[in-house]
Amino acid sequence: MTSDILERVLLCPRTAFISNEIVDLQRVQCVSMSNGVSFDVTLVSGVVVKGQHAQFENFMNKYMNYVESKC
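The structure reproduced in this document is the subject of the present report. As the structure is a prediction and not an experimental result, all values here were calculated from the model. (Residues numbered from 1 in each chain as written. Predicted model: local features only at pLDDT ≥ 70, side-chain atom pairs only at ≥ 80, totals over all residues. Heavy atoms only, no water.)

Details of unusual backbone geometry
Okay, step 1: Notably, serine 19 is not glycine yet its phi reads approximately 50°, a positive angle.
Okay, step 2: Mapping serine 19 onto the fold places it in the loop between strand 1 (15-18) and strand 2 (21-24). (Helix = DSSP H or I, 4+ residues; strand = E, 2+ residues; numbered from the N terminus.)

Shown next as structure tokens:
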């Protein structure tokens with residue numbers, strides 16, 4: 001992935017980048033809390049994306065910003 005595309009993903013309020021996956025925040029069904037090593041994001045399709053513990057806080061901040069914008 002080019003740095004230009006990654007930058008666009010990171011700037012988009014509806015998408016996040018976890019490990020090697022682009023996640024559509026509108027399609028998130030649940031997020032497991034980090035166990036200190038990793039965390040899981042389950043999408044409505046049933047796909048599970050595994051994130052690294054170091055990505056958890058940034059992901060949750062972006063995810064909650066997206067969810068709160070819909071309240």
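The discussion continues.
Notes on the environment of asparagine 35
Okay, step 1: Mapped onto the elements, asparagine 35 comes out in the loop between strand 3 (28-31) and strand 4 (38-43).
Okay, step 2: Note: C-alpha distance between asparagine 35 and histidine 53 (18 residues apart in sequence) is 7.5 Å.
Okay, step 3: At 2.8 Å, the side chain of asparagine 35 and the backbone nitrogen of valine 37 are in polar contact.
Okay, step 4: Reaching out from asparagine 35, the side chain makes a polar contact with the backbone nitrogen of serine 38 at a distance of 2.9 Å. (Polar contact = N/O pair within 3.5 Å; in protein donor to acceptor, adjacent residues only side chain to side chain.)

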